[in-house]
Amino acid sequence: MTSLLQRLWFRRLLWTLITLITLWVLLAVVLSWTGQRRWLRLKAELDAEGETLDFLKLLPPPIADAQNFAAIEPLNGIRIAPGNSPAAKAAQAKRDAIKQSCEFLNHDRVNKAFTSEALRKAQSPDLSQIITALREKKHLSLPPNADTKALRHALEQHLPMLTQLVETARNRSKVEFLPRWDAADLPENLFTVAVPHYANVQYLSRALRLHGLACLESGDPAAAVSDVIAILRLAEGALHEPFLIGHLVGINLQQVGVELTWGLMQKRVLTAEMIQTLQQGFQGLDLPASLLQASRGELACGADMGDFLEHNPSRASEYFSVINNDGQSRASAFESALMLSIPTGFFTHMKTSLVQAEWEQLVRPNRDQGLKTALVVPDPLDVWVKSQNLLRRPDNLLARFAFPAMGQVKRSSALAENTRLQILIACALELHFLQHGSYPPKLEDLANTSLTTFDGTPMHYLTSADGRYRLWHSGPDGKDDDGALAAEKPQKKKDASPRSTDYLGDWTWRYESAK
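Residues numbered from 1 in each chain as written. Predicted model: local features only at pLDDT ≥ 70, side-chain atom pairs only at ≥ 80, totals over all residues. Heavy atoms only, no water.

1. As for the overall build of the protein chain
When its secondary structure is counted, the protein chain shows 18 helices and three strands. Reported as C-alpha extents along the three principal axes, the dimensions of the protein chain are approximately 110 × 50 × 45 Å. Considering only contacts within the protein chain whose residues lie at least 6 apart along the sequence, 74% involve residues at least 24 apart. For the protein chain, the computed accessible surface area is about 24,200 Å², with 53% contributed by carbon and sulfur atoms. Side chains of the protein chain carry 56 positive and 56 negative charges; the gap between the two charge centres is 5 Å. (Helix = DSSP H or I, 4+ residues; strand = E, 2+ residues; numbered from the N terminus. Contact = heavy atoms within 4.5 Å. Areas by Shrake-Rupley, 256 points an atom, 1.4 Å probe, with all protein chains shown as cover. Lys, Arg positive; Asp, Glu negative; His and termini not counted. Charge placed at Lys NZ, Arg CZ, Asp CG, Glu CD.)

2. A look at the environment of Ala289
Within the fold, Ala289 resides in helix α12 (residues 287-311). Sequence separation between Ala289 and His240 is 49 residues; the distance between their C-alpha atoms is 9.0 Å.

3. Digging into the confidence of the model for the protein chain
Across the protein chain, pLDDT averages 88, with 91% of residues at or above 70. Across the protein chain, helix α9 (residues 221-239) holds the top mean pLDDT of 98, while helix α14 (residues 333-340) sits lowest at 56. (pLDDT = per-residue confidence, 0-100.)

4. Regarding the pairing of strand β2 (residues 469-473)
Taking burial as the measure, the five residues of β2 include five buried ones, the bulk of the element. Burial along β2 is two-sided: Tyr469, Leu471 and His473 and Arg470 and Trp472, pointing in opposite directions, are all buried. Looking at chain direction, strand β1 (residues 460-463) and β2 are connected through four bridges and run antiparallel. Bridged to Tyr461 within β2 is Leu471. Judged from the four bridges that link them, β2 and strand β3 (residues 507-510) form a sheet pairing that is antiparallel. Paired with Arg470 across the two strands is Arg510, which belongs to β3. (Buried < 20%, exposed > 50% of the residue type's maximum accessible area, 1.4 Å probe, protein only. Pairing = 2+ DSSP bridges.)

5. Focus on the nonpolar core
Counting 99 residues, the largest nonpolar core has Leu471 and Trp509 as its most contacted members. Of the residues forming this core, the biggest block, twelve residues, is contributed by α9. In this view, Leu471 contacts Gln422, Ile425, Ala426, Leu429, Leu443, Met459, His460, Tyr461, Trp507, Thr508 and Trp509; residues no more than four positions away in its chain are not counted. One finds Leu31, Ala294, Trp384 and Trp507 within the second-largest nonpolar core, a separate group that totals 31 residues. (Core = buried A, V, L, I, M, F, W, Y, C linked by side-chain atoms within 4.5 Å.)

6. Quick notes on the pattern of salt bridges
Under the defined criterion, the tally for this structure stands at 22 salt bridges. When the shortest N-O distance is used, the salt bridge between Glu49 and Arg367 registers 3.1 Å. Residue Glu49 is located in the loop between α1 (2-48) and α2 (86-101), and its partner Arg367 is located in helix α15 (residues 344-369); the two are separated by 318 residues in the primary sequence. A relative accessible area of 33% places Glu49 in the partly exposed class. Ionic pairing is found between Lys442 and Asp445, a salt bridge with its closest N-O pair at 3.2 Å. Taken together, the shared-partner salt bridges connect Glu49, Glu51, Arg296, Arg367 and Asp368 into one network. (Salt bridge = Lys/Arg side-chain N within 4 Å of Asp/Glu carboxyl O.)

7. Notes on the packing of aromatic side chains
Taken as a whole and assessed by the stated rule, the structure comprises ten aromatic pairs. Here Phe55 and Phe243 contribute two aromatic rings whose centre-to-centre distance is 5.3 Å and whose plane-to-plane angle is 35 degrees, an arrangement assigned as tilted. Residue Phe55 is found in the loop between α1 and α2, and its partner Phe243 is found in the loop between α9 and α10 (244-267); the two are separated by 188 residues along the sequence. Of the aromatic side chains, those joined through ring pairs into one cluster are Trp262, Phe433, Tyr439, Tyr461, Tyr469, Trp509 and Tyr511. Looking at Arg79, its charged tip hangs above the ring of Trp181, at a distance of 4.2 Å from the centre. (Phe/Tyr/Trp six-rings, centres within 6.5 Å; stacked < 30°, edge-to-face > 60°. Lys NZ or Arg CZ within 6 Å of the ring centre and 35° of its normal.)

8. Some details on the packing of α10 against α12
Contact pair α10 / α12: the axes reach a minimum separation of 8 Å and the direction vectors enclose 155 degrees. By the angle class used here, α10 and α12 are roughly antiparallel. Along the contact surface, α10 presents Leu244, His247 and Gln254, while α12 presents Leu287, Ser290, Leu291, Ala294 and Glu298. A class-by-class count of the residues in the contact of α10 with α12 yields four nonpolar, three polar and one charged. (Axes fitted to C-alpha atoms, helices over the stretch in contact; angles between N-to-C directions. Parallel < 35°, antiparallel > 145°, perpendicular 65-115°, else oblique. Nonpolar A, V, L, I, M, F, W, Y, C, P; charged D, E, K, R; others polar.)

9. With respect to the sheet that holds β3
If you walk across this open sheet you meet the three strands as β1-β2-β3, and the pairing is antiparallel. Each end of this open sheet is capped by a strand with a single partner; those strands are β1 and β3. Across this sheet, the average inter-strand angle for adjacent strands is 15 degrees, counted without regard to direction.

10. As for the environment of Leu504
You can see Leu504 is positioned in the loop between β2 and β3. Along the backbone, Leu504 and Asp481 are 23 residues apart, and their C-alpha atoms lie at a distance of 9.0 Å.

11. Let's talk about the side chain of Ser205
Checked against the element boundaries, Ser205 lands in helix α8 (residues 197-217). We classify Ser205 as buried; its relative accessible area is 1%. Non-local contacts of Ser205, meaning those with residues more than four positions away in its chain, are made with Ile231, Leu234, Leu253 and Val256.

Here is the structure:
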């Protein structure tokens, strides 16, 4: 009797296992077939729309070294990822040298005095505080009675590459960080690509700004204008790279140039030639095109990550750890076994869902609408991400966690593009003043000047009591506050950023200080 029961139990267990294996095989076959059909349909749609999933095809044409601002020795090769090769070690040495030379910029008192207040309070940094802090901490060789001329001299002695950057920026208007991505050793998954050069160019831009302020305050505005152009060259290099992080770094670098430009215009010390130089520099930046290029880069990287996981399912947990930023770099044996038990077709579906979402929610809206919907709250992409029910659509798992916070990215881009337009209009206004001795009663009187804002709303203009003018966009809340600065409006949250949905006030360019 016992033997019979054992045989029955064994048969049931065996049939159960056979049934489960059969169901798993059928599920794997169905998922593989349906996943491939979805993927091929999506690729056909992208091909018909003229889009590519090949990251290297997104790169701009190469620039000859003789014309490339980033081909000079302080910058050449700093993009090479960390490693043990001679080239990687040489690149790391360059990055370390730049970082060490610019560490004085991280001093608390320097940072506090250097806080960007031009567009929030219409105030310039206090160079006397910066000089005192740098002298006391002996970061630079400054005499006890150092003034702005001494600060300029100390910066040029401490960072001779600043002079080289400024001189090169005058003669080379094209920028591409080297080596090109198609000549670099890319990682097995583009999602993990290293961009160590971004930290260095941000250090250099801040040093150039400080040098420009010292030149401005010591009576050499032409040198300060040259510093702005060098900063914008660095910004252009970052904006040309097909990564969202590159786009955001480029925006930050432009803002550094904006702050210095505001100081130059606030003092009204520019000649017509200097103003035209600034015009050309800011006209060379195309932020909507950069955002679209970065979105396409996200699309290509998403497809590349999906391909990798499709062919390496055991390592899927590693990449979810990277996405979640939990510091885990290696999957455990259990996690690897669990990933291997998932049919490959499921990863094909996840890849397809990610690329389809990036195409429909990211690339196509940026291509067709640009920044017109940047101030729509809540952002449609953020709403889509939060609305995904992973129990109903588990194939959206990758899309749910891999998507960037695009609402914040688009608002940052819109603010930067608005400021760029305001600078171009401000340049036209200053040229008009030099020619006629006054500002025009309305912006439409400016010749050959685009007044089209990123979202099609009007750019407001008013001559002000200080004999100057103010330019403003109504900002995230859509309310016209007559060009009020952040410091003049009670904020929902303390120190609300102009790119925040909580920000109250306009996006304003003006020279009269906050009241």
